[in-house]
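Spelled out from the first residue to the last, the chains are:
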Amino acid sequence: MKFRKLFIVLIGLLTTLKGYSQKQTIYVIKNVNVITMASSNTVLENATIVISNNLIQSINGEIPKNATIINGKGKWLIPGLIDAHVHLPTDGYLGQKLPAQTPDLSFNTQDIMTPIIANGVTTVLDLNSTMETFAQKKAIEKGYIVGPRIALAALINGGNGQGRIANTAEEGRIMVRNAKAEGYDFIKVYSKLNIETYNAIVDEAFKQGLKTIGHIPDAFQGNLEQAFVPHFGMVAHAEEFSKKSDSFSLQEATKFAKLSKDNDTWLSPTLITMVWIAKQTHSIENIKNLPSLKYVHPLLQSKWLTANKYVKNASPESATYFDNMVKFHFKLVKAFKEAGVPIVAGTDAGVSGIVAGFSLHDELELLVQAGLTPQEAIYSATLLSAQWLGIDKQIGSIETGKLADLVLLDENPLIDINNTRKIAGVFVNGKWLDKTKLNAMLTDLANRNSVNKDKFDWNTFMNKKK
Ligand SMILES: [Zn+2]
């Protein structure tokens, strides 16, 4: 009798578990137009996508029973978007400048991730990660937080600042090996590295199987071509070229493009970064009036508005200079595209004016203005980016067997790139979040930020720490 009872309980439990997992994991998007971004470059009309266990199980296959149906009629499906340049806020990230602990600050991880996933960004490359970024990544992977996949880069700089500093070749190699041992995915090189150390870092990173992305150190001023050593993987801003340009001419842009092409170095132009530097140099009102500002933590809002170096140093001359930079960056993108250098979408989200998630759509729009087709712009934020990150077997295109990182759009982005903003729902980390859910998350975040506004004045906060 006892055995029988146990048996019945076990069967009951298994049935419940089975029902639970099916209910959680099988979705079907029906009659949807799929922009696959696969190498075949096809658009599938009226397709049926089956998703379970966070994987694309089939395209135009059988529809399983008990599946949750999502009506895709008239809608467009693209792969989850990738922002290859973000700075996720962490307490320590602000703490770098602070002498003491920061007991009255704790960024809520979900609040940081909400604007990112609400914009269909399902993967980010964080370009100055710390142990706290590892914790954020872990919380997402475990499903405690709904957020993007995070790739982590260890930033190495020279000079005498804080963080990982290397001023000799040997120190550079040690820093790289430490970063590898700590679990970082990429190495970011920064502006103050000397030439010998930079060369050693790029070389050691390659030996350790890590790609290098970053700034072109100031030490290469006047001899830029020497920075293009083998395995320098990606230049992180168009600004790295424009800073070292004296003519802002198309000829110079073409010369830079050739350097990159010959060295197999990719470019993430981060056009939106310079657009925002120019905008706030013109007027702080541009930040005040930014519709997505309300999704930024109040302490960072306060920092952007009251302790903004671009506003502080603003002059009509600097505004004109940055406007010219923006124009030159457009020329750079044109020249790099023509030279066949892969161009990857990144935003530098976290810099004043650049709101994570929202900014990626701005970047896509700017890339199209600079001469990419909408198809190429989407490619730069999906498969191409995934290839550089080395995860294109898992993500970057809509194909059977790949992870279900998906963005459902109300309108066709191949006709107008701004349609990537018209999000009907997002699949991320096995979860389906429709527009209603995403909007509710955003509204809740904005409300709480607004209520807490007075608690987080940047200047009071900084004084308290002294
Ligand atoms: Zn950055």
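Use the structure listed above.
Described below are features of the structure shown in this document. (Residues numbered from 1 in each chain as written. Predicted model: local features only at pLDDT ≥ 70, side-chain atom pairs only at ≥ 80, totals over all residues. Heavy atoms only, no water.)

1. Describing the overall build of the chain
Here is step 1 of the chain: Within the chain one finds 18 helices and 16 strands.
Here is step 2 of the chain: The C-alpha atoms of the chain give 23 Å as radius of gyration, which agrees with the globular expectation for 466 residues (23 Å, within 12%).
Here is step 3 of the chain: Looking at the chain residue by residue over its 466 residues, the buried ones come to 54%.
Here is step 4 of the chain: Restricting to contacts in the chain with at least 6 residues of sequence separation, those with at least 24 account for 74%.
Here is step 5 of the chain: Taken as a whole, the chain presents about 20,600 Å² of accessible surface, with 54% of it coming from carbon and sulfur.
Here is step 6 of the chain: For the chain, the centre of its 50 positive side-chain charges and the centre of its 43 negative side-chain charges are spaced 8 Å apart. (Helix = DSSP H or I, 4+ residues; strand = E, 2+ residues; numbered from the N terminus. Rg over C-alpha atoms; globule rule 2.2 N^0.38 Å. Buried < 20%, exposed > 50% of the residue type's maximum accessible area, 1.4 Å probe, protein only. Contact = heavy atoms within 4.5 Å. Areas by Shrake-Rupley, 256 points an atom, 1.4 Å probe, with all protein chains shown as cover. Lys, Arg positive; Asp, Glu negative; His and termini not counted. Charge placed at Lys NZ, Arg CZ, Asp CG, Glu CD.)

2. Re the pattern of salt bridges
Here is step 1 of the chain: Applying the stated rule across the entire model yields 22 salt bridges.
Here is step 2 of the chain: With a shortest N-O distance of 3.6 Å, E399 and K402 are connected by a salt bridge.
Here is step 3 of the chain: When salt bridges with common partners are traced through the structure, they connect E170, R173, R177, D203, E204 and K207 into a single cluster. (Salt bridge = Lys/Arg side-chain N within 4 Å of Asp/Glu carboxyl O.)

3. Some words on helix α13 (residues 316-339)
Here is step 1 of the chain: In this model α13 runs 35 Å from its N-terminal to its C-terminal C-alpha over 24 residues, within 8% of the 34 Å that 1.5 Å per residue would give.
Here is step 2 of the chain: When we look at burial in α13, the residues that qualify are S318, A319, F322, M325, V326, F328, H329, F330, L332, V333, A335 and F336.
Here is step 3 of the chain: Here the buried face of α13 lies against α7 (239-242), α8 (250-263), β13 (266-267), α9 (271-282) and α14 (358-369).
Here is step 4 of the chain: Looking one or two residues past α13, G340 carries a phi angle of roughly 85°, positive in sign. (Expected span 1.5 Å × (residues − 1).)

4. Considerations on the nonpolar core
Here is step 1 of the chain: The biggest cluster of nonpolar side chains holds 109 residues, and the ones touching the most others in it are I187, Y198, I216, F241 and F336.
Here is step 2 of the chain: Ranked by the residues each element gives to this core, the list is headed by α13, at nine residues.
Here is step 3 of the chain: Contact partners of Y198, with chain neighbours within four places excluded, come to V189, L193, P217, F220, A227, V229 and F232. (Core = buried A, V, L, I, M, F, W, Y, C linked by side-chain atoms within 4.5 Å.)

5. Focus on the coordination of the zinc ion
Here is step 1 of the chain: H85 (NE2), H87 (NE2) and D348 (OD) make up the full set of protein donors to the zinc ion, lying at 2.0 to 2.2 Å.
Here is step 2 of the chain: Sequence spacing of the donors to the zinc ion: H-x1-H-x260-D. Here H87 is found in the loop between β6 (81-86) and α2 (91-95), whereas its partner D348 is found in the loop between α13 and α14, with 261 residues between them in sequence. Here the two residues H87 and D348 agree in accessibility, since each one is buried. (Donors = N, O, S within 2.8 Å, 3.2 Å for Na, K, Ca; no water.)

6. Remarks on helix α11 (residues 298-306)
Here is step 1 of the chain: Here α11 lies mainly inside the structure; seven of its nine residues are buried.
Here is step 2 of the chain: By the burial criterion, the buried members of α11 are P298, L299, L300, Q301, S302, K303 and W304.

7. Looking at the packing of aromatic side chains
Here is step 1 of the chain: On inspection of all chains with the given rule, the structure shows 14 aromatic pairs.
Here is step 2 of the chain: On the numbers, 5.2 Å between centres and 55° between planes, the contact of F241 with F336 is tilted. With F241 in helix α7 and F336 in helix α13, this residue pair connects regions lying 95 residues apart in the sequence.
Here is step 3 of the chain: Overall, F241 belongs to the buried group, its relative accessible area being 0%.
Here is step 4 of the chain: We classify F336 as buried; its relative accessible area is 0%. (Phe/Tyr/Trp six-rings, centres within 6.5 Å; stacked < 30°, edge-to-face > 60°.)

8. Some remarks on the environment of L389
Here is step 1 of the chain: With respect to the helices and strands, L389 occurs in helix α16 (residues 383-389).
Here is step 2 of the chain: With a relative accessible area of 10%, L389 lands in the buried category.
Here is step 3 of the chain: With 220 residues separating them in the primary sequence, L389 and A169 have C-alpha atoms 26 Å apart.
Here is step 4 of the chain: Not counting the four nearest positions on each side in its chain, L389 is found in contact with I82, T123, L125, A151 and F186.

9. Notes on the packing of α9 against α13
Here is step 1 of the chain: As a packed pair, α9 and α13 sit with axes 8 Å apart at the nearest point and diverge in direction by 165°. One element, α9, and the other, α13, form an angle in the roughly antiparallel class. Viewed along their axes, α9 and α13 form a crossing whose handedness is left-handed. Counted together, L271, M274, V275, I277, A278, T281 and H282 of α9 and S318, A319, F322, D323, M325, V326, H329, F330 and V333 of α13 form the full contact between these two elements.
Here is step 2 of the chain: Its residues assigned to classes, the contact of α9 with α13 comprises 11 nonpolar, four polar and one charged. (Axes fitted to C-alpha atoms, helices over the stretch in contact; angles between N-to-C directions. Parallel < 35°, antiparallel > 145°, perpendicular 65-115°, else oblique. Left-handed = near helix turned anticlockwise from the far one by under 90°. Nonpolar A, V, L, I, M, F, W, Y, C, P; charged D, E, K, R; others polar.)

10. Examining unusual backbone geometry
Here is step 1 of the chain: Phi at N54 takes a positive value of approximately 65°, unusual for a residue other than glycine.
Here is step 2 of the chain: Looking at the secondary structure, you find N54 in the loop between β2 (43-52) and β3 (55-59).

11. Quick notes on the environment of V407
Here is step 1 of the chain: Among the structural elements, V407 can be located in strand β14 (residues 406-409).
Here is step 2 of the chain: C-alpha of V407 to C-alpha of L433: the two residues are 26 residues apart in sequence and 9.8 Å apart in space.
Here is step 3 of the chain: Those residues within four positions of V407 in sequence are excluded, and the remaining contacts are W76, L77, I78, P79, G80, L81, G120, I423, G425 and V426.

12. Side note on the side chain of T420
Here is step 1 of the chain: Mapped onto the secondary structure, T420 falls in the loop between β14 and β15 (423-428).
Here is step 2 of the chain: The exposure class assigned to T420 is buried, which follows from its relative accessible area of 1%.
Here is step 3 of the chain: Look past the residues within four positions of T420 in its chain and what remains in contact with it is I78, H361, L364, L409 and P413.

13. Focus on the packing of α8 against α13
Here is step 1 of the chain: Remark: α8 packs on α13, axes separated minimally by 8 Å, with the N-to-C direction vectors making an angle of 45°. For the element pair α8 / α13, the angle class is oblique. In the crossing of α8 with α13, the sense of the turn from one axis to the other is right-handed. Where α8 abuts α13, its residues L250, A253, T254, F256, A257, S260 and K261 lie against F328, K331, L332, A335, F336 and A339.
Here is step 2 of the chain: Residues of the contact of α8 with α13, tallied by class, amount to nine nonpolar, two polar and two charged.

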